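A closer look at the structure
What follows is each chain in one-letter form.
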Amino acid sequence: MPASRRQFMFAAGGCAACLSGLARAHVLPTDLEPLVNANYQPTDPDERGIWQAMERIEESIQTSPQLLQAPALQAYTRQVVERLVGRPAPELRIYLMRDASFNAAMFPSGMMIVHTGLMARVRDESQYAAVLGHESGHYFRKHTIESYRSIRSRSAAMAFVAATASVAAGATAASGYSGAGTWIDAANLVSMAVVLSVFQFSRAQEAEADAYGVALMARAGYSPGAAAQIWKQLIDERKASAAQRNKHYRDRANSAFSTHPPSEDRMQDLADTAAYLVRNGAAATSDGRAEWQAVIAPYRAQLLEEQIKLNDPGASLYLVQNLAQDGWTGPLRYNEGEIYRLRGATGDDAKAAAAYAASTALPDAPPEAWRAHGYALLKTGNVADGHAALDRYLAMVPDAKDAGVVRFTLAQ
Amino acid sequence: MKLRLLFVLGTLTFAGCALYTLVPAESTYVGGNSLVVTPTSAWNTVPTRPDQTEWEETWTRNGPLLDTVAFVGGIPEGKKLLVQRRKSDQQVPAFRADMTPQDLVSMIEASYRVRGITVFDVESVDPVDFLGGKGIKVRYKYAPNDGISKKGSCVARVVGKKLYVMKLEGVSSHYFDAALPEFEQMVATAKLEK
């Protein structure tokens with residue numbers, strides 16, 4: 001246990017005795033007051049500087065092609081945040097971004113970003129509230145300015161790092177490298193290095209944001225246990241992903257250099273904090289499952305597609321099989337087939353074909369399932385049924401974007 | 001000390017510049033010398049990326065961030081469009097000679113998505129004449145994480161159990177459209193090396 005976490009425990013709780021109800025969690029969730037209100041404006045120069053930098057980032061986000069235009073989902077997200085903080089939050093601006101990674105962030109200027117990769121994995125409103133509550137913790141406890149001040153004394157070192165990185169980025173740019181994250185990304189990051197470094201929260205701040213988020217959930221009537229639940233899902237998904245690639249699951253946070261506590265410890269901390277709150281009277285009114293499913297339904301196909309086309313079969317199968325706990329649907333069977341088709345291991349052609357056939361046997365099969373079913377049949381030499389399935393696809397979507405090549409296949 | 005700094009800076013500068021070479025507007029071998037194409041204007045070869053396979057060659061006219069043409073000459077079965085770590089979580093499907101048009105489109109799309117590109121929209125998939133037979137032509141729009149929208153046109157055909165690809169990528173505003181006619185002309189006149 002790092003000394004800093006223990007010190008923080010005393011600072012947050014006031015005395016060790018206060019924490020006797022918590023088996024492992026180290027921050028007392030009820031002692032954390034928000035440091036920011038709806039009319040908050042930065043006054044000191046450090047914070048104003050961060051806000052100005054954030055405004056530049058926000059302008060680029062507003063025009064980003066990755067921005068998801070989804071007013072209903074955006075309004076729903078605002079409603080969840082406002083329920084968590086217990087008041088209207090006009091100072092918050094919410095942006096939903098098309099990014100398949102599991103992430104969300106709340107910036108000190110009031111800008112909140114939620115990735116589609118997070119929405120793909122959340123199963124009910126309480127889980128969504130758990131992540132938004134954690135991010136609210138960083139915001140309302142002013143962790144960014146705290147981080148900034150702690151690194152300011154190292155600003156000379158930071159400037160040196162930035163300058164060194166500039167030279168490296170220049171050299172990389174000259175060689176024309178444009179792999180994962182093009183060099184222009186690197187250049188952008190370098191120019192923002194000092195700003196972005198303040199978002200590297202300390203372990204103590206992460207623990208505080210966790211506790212704060214869980215406390216907000218309990219107060220708002222969400223089940224505080226949802227925070228540990230979503231963390232468990234994420235760990236299970238990563239384990240499934242690693243297993244598919246024949247490698248051992250490694251807790252990415254379990255490193256001396258990581259600012260995050262090891263994931264399984266963190267999950268346990270969250271569960272203990274939730275149990276403490278429940279013992280002290282927190283009662284969930286609902287997990288908001290029906291509400292979440294209703295609001296996410298129009299986007300479900302897109303969210304699944306973004307994940308499945310990454311060809312990360314362990315993670316994707318985990319996701320689809322979990323959604324199928326409520327019953328297999330045509331779209332879910334189709335996506336299961338897509339996972340096997342992309343994986344392409346021995347026997348996967350047959351598994352994909354079976355999943356497509358199962359999808360097309362259901363009344364809500366998407367048109368793409370008929371296309372995939374048709375091509376799967378053609379691969380097995382069943383030309384008549386394969387053509388019939390492709391015809392069905394074209395009948396359902398005559399102006400499909402790949403209609404040209406499907407018609408060509410039919411003419412062969 | 002000053003001399004050493006100058007030496008380091010000089011090395012970096014020349015290391016960056018020396019790797020681009022001019023491609024004149026005449027018939028030339030590309031993609032591991034397995035294809036012959038005939039550009040109608042001068043291009044520049046782009047230095048090899050870390051994830052580039054031995055079968056790929058890339059050209060640019062205005063710089064790799066604005067426009068590129070890639071030639072992939074004869075990927076054998078079991079190999080991929082990109083070099084990836086064997087245990088990467090997200091992987092481009094390996095090429096198989098029995099891939100359907102749908103499989104080829106998915107493979108091309110995955111080669112973008114595994115690089116962190118989530119916004120990738122296929123606009124059309126059509127048959128196209130390529131290397132003396134019918135291949136597929138995929139047109140798409142995508143958004144790299146630098147926030148600049150791009151368009152792509154990728155032509156692919158399986159010949160003799162090997163995959164041949166020609167691909168144009170360019171910034172949506174101007175550069176893609178400006179290079180498209182020449183790209184299509186290069187596709188139409190590309191030949192397999194005997």
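Note that the structure is a prediction, hence the values are computed from the model and not measured.

**Quick look at the overall build of chain A**
Along the backbone of chain A there are 20 helices and three strands. Relative to its 412 residues, chain A shows a buried fraction of 42%. The long-range share in chain A, meaning contacts at least 24 apart out of those at least 6 apart in sequence, stands at 66%.

**Quick look at the overall build of chain B**
The helix and strand inventory of chain B stands at three helices and 11 strands. From first element to last, N terminus to C terminus, chain B shows the α and β order α-β-β-β-β-β-β-α-β-β-β-β-α-β. Its C-alpha radius of gyration of 17 Å places chain B within 12% of the 16 Å reference for a compact globule of 194 residues. With respect to the principal axes defined by its C-alpha atoms, chain B has extents near 60 × 40 × 35 Å. Burial analysis of chain B (194 residues in total) assigns 44% to the buried set. Contacts in chain B between residues at least 24 apart in sequence constitute 46% of all its contacts with a sequence separation of at least 6.

**Regarding the pairing of strand β10 (residues 162-171) of chain B**
All names here are of chain B. Where burial is concerned, most of β10 is hidden: eight out of the 10 residues are buried. The pairing of strand β6 (residues 67-75) with β10 spans eight bridges and is classified as antiparallel. For I75, the partnering residue across the bridge sits in β10 and is L163. One ladder, built from 10 bridges, connects strand β9 (residues 150-159) with β10; its direction is antiparallel. Across the sheet, the residue bridging to V155 is M166, located in β10.

**Looking at the nonpolar core**
By size, the foremost hydrophobic cluster in this structure holds 136 residues, and its most contacted members are L84, A129, V214, M217 and A227 of chain A together with V72 and A156 of chain B. Ranked by residue count, the leading element in this core is helix α10 (residues 203-220) of chain A, at 11 residues. Structurally, this core is a two-domain feature, drawing no fewer than three residues from each of domain 1 (3-279) and domain 2 (299-411) of chain A. Not counting residues within four places of it along the chain, the set of residues in contact with A129 of chain A comprises V80, L84, M217, A220, Y222 and A226 of chain A.

**As for the sheet that holds strand β1 (residues 21-23) of chain B**
Residues and elements named next belong to chain B. Here eight strands make up an open sheet; going across it, the order is β1-β4-β5-β6-β10-β9-β8-β7 and the pairing antiparallel. Every other strand in the sheet has two partners, leaving β1 and β7 (120-130) as the edge strands with one partner each. Taken over all neighbouring pairs, the strand axes of this sheet differ in orientation by 25 degrees on average, direction set aside. As paired elements, strand β8 (residues 133-142) and β9 share seven bridges and run antiparallel to each other.

**Some remarks on the interface of chain B and chain A**
Chain B puts 46 residues into the contact, and the matching count from chain A is 42 residues. Residue assignment for the side of chain B that touches chain A shows that the elements contributing at least two residues are α1 (2-17), α2 (101-113) and β7 of chain B. Residue composition of the side of chain B that touches chain A, by class: 22 nonpolar, 12 polar and 12 charged.

**Brief notes about helix α5 (residues 125-140) of chain A**
Taking 1.5 Å per residue as the helical rise, α5 of chain A with its 16 residues ought to reach 22 Å, and the 21 Å between its terminal C-alpha atoms agrees with that figure. Directly beyond the C-terminal end of α5 of chain A, a positive phi value near 55 degrees is found at K142 of chain A.

**Remarks on unusual backbone geometry**
Positive phi values are uncommon outside glycine, yet N246 of chain A reaches one of about 55 degrees. Note on placement: N246 of chain A falls in the loop between α11 (226-244) and α12 (263-279). Even without being a glycine, K161 of chain B presents a positive backbone phi close to 65 degrees. As for its placement among the helices and strands, K161 of chain B is situated in the loop between β9 and β10.

**A short note on the domain arrangement of chain A**
Residue and element names in this part refer to chain A. Here the domain parsing of chain A yields domain 1 (3-279) and domain 2 (299-411). If you look at the interface, domain 1 gives 15 residues, while domain 2 gives 13 residues. For the side of domain 1 that touches domain 2, the elements supplying multiple residues, two or more each, are α4 (116-119) and α11. Looking at the side of domain 1 that touches domain 2 element by element, the count peaks at seven residues for α11. Partitioned by chemical class, the residues of the side of domain 1 that touches domain 2 number eight nonpolar, three polar and four charged.

**A closer look at the sheet that holds strand β1 (residues 93-97) of chain A**
Residue and element names in this part refer to chain A. One open sheet accounts for three strands, arranged β1-β3-β2; its pairing is mixed. The open sheet has two edge strands, β1 and β2 (104-106), and neither has a second partner. The mean angle between the axes of side-by-side strands here comes to 15 degrees, regardless of whether they run parallel or antiparallel. Bridge count between β2 and strand β3 (residues 111-115): three bridges; the pairing is antiparallel. Looking across to β3, one finds that A105 is bridged to I113. Taken strand by strand, α5 contacts β2 and β3, and its axis lies near 30 degrees from that of β2.

**Description of the environment of P366 of chain A**
Residue and element names in this part refer to chain A. Structurally, P366 is set in the loop between α17 (348-360) and α18 (367-379). You can call P366 buried: it has 21 C-beta atoms within 10 Å. Considering only alpha carbons, one finds P366 and L410, 44 residues apart in sequence, at a separation of 20 Å.

**Focus on the packing of helix α3 (residues 71-85) of chain A against α10 of chain A**
All names here are of chain A. In contact at an axis separation of 7 Å, α3 and α10 are set at 90 degrees when each is read in the N-to-C sense. With respect to each other, α3 and α10 are oriented roughly perpendicular. In contact with R83, L84 and V85 of α3, α10 contributes L216, M217 and A220. For the contact of α3 with α10, the per-class residue count stands at five nonpolar, no polar and one charged.

**Thoughts on the confidence of the model for chain B**
Residues and elements named next belong to chain B. For chain B, the mean per-residue pLDDT works out to 90, and 90% of the residues sit at or above 70. Across chain B, the element-wise mean pLDDT spans from 49 in α1 up to 98 in β9. Every residue in residues 11-18 scores below 50 in pLDDT, and together they form seven contacts with partners more than four places removed in sequence or on other chains. Predicted complex metrics record ipTM = 0.90 and pTM = 0.83.

**Quick word on helix α19 (residues 383-396) of chain A**
Residue and element names in this part refer to chain A. In this model α19 runs 20 Å from its N-terminal to its C-terminal C-alpha over 14 residues, within 8% of the 20 Å that 1.5 Å per residue would give. Among all positions of α19, only G386, A389, L390 and Y393 are buried. Seen end-on, α19 carries its buried residues on one side only, within an arc spanning 95 degrees. Across from the buried face of α19, at angles greater than 90 degrees, the exposed residues are A384 and A395. Buried residues along α19 sit in contact with α18 and α20 (403-411).

Rules and cut-offs
- Residues numbered from 1 in each chain as written.
- Chains lettered and ligands numbered in written order.
- Predicted model: local features only at pLDDT ≥ 70, side-chain atom pairs only at ≥ 80, totals over all residues.
- Helix = DSSP H or I, 4+ residues; strand = E, 2+ residues; numbered from the N terminus.
- Buried ≥ 20, exposed ≤ 12 C-beta atoms within 10 Å, placed from the backbone.
- Contact = placed C-beta atoms within 7 Å.
- Rg over C-alpha atoms; globule rule 2.2 N^0.38 Å.
- Pairing = 2+ DSSP bridges.
- Core = buried A, V, L, I, M, F, W, Y, C linked by C-beta atoms within 7 Å.
- Domains from an automatic or database assignment.
- Axes fitted to C-alpha atoms, helices over the stretch in contact; angles between N-to-C directions.
- Nonpolar A, V, L, I, M, F, W, Y, C, P; charged D, E, K, R; others polar.
- Expected span 1.5 Å × (residues − 1).
- Parallel < 35°, antiparallel > 145°, perpendicular 65-115°, else oblique.
- pLDDT = per-residue confidence, 0-100.
- Arc of directions from axis to C-beta.

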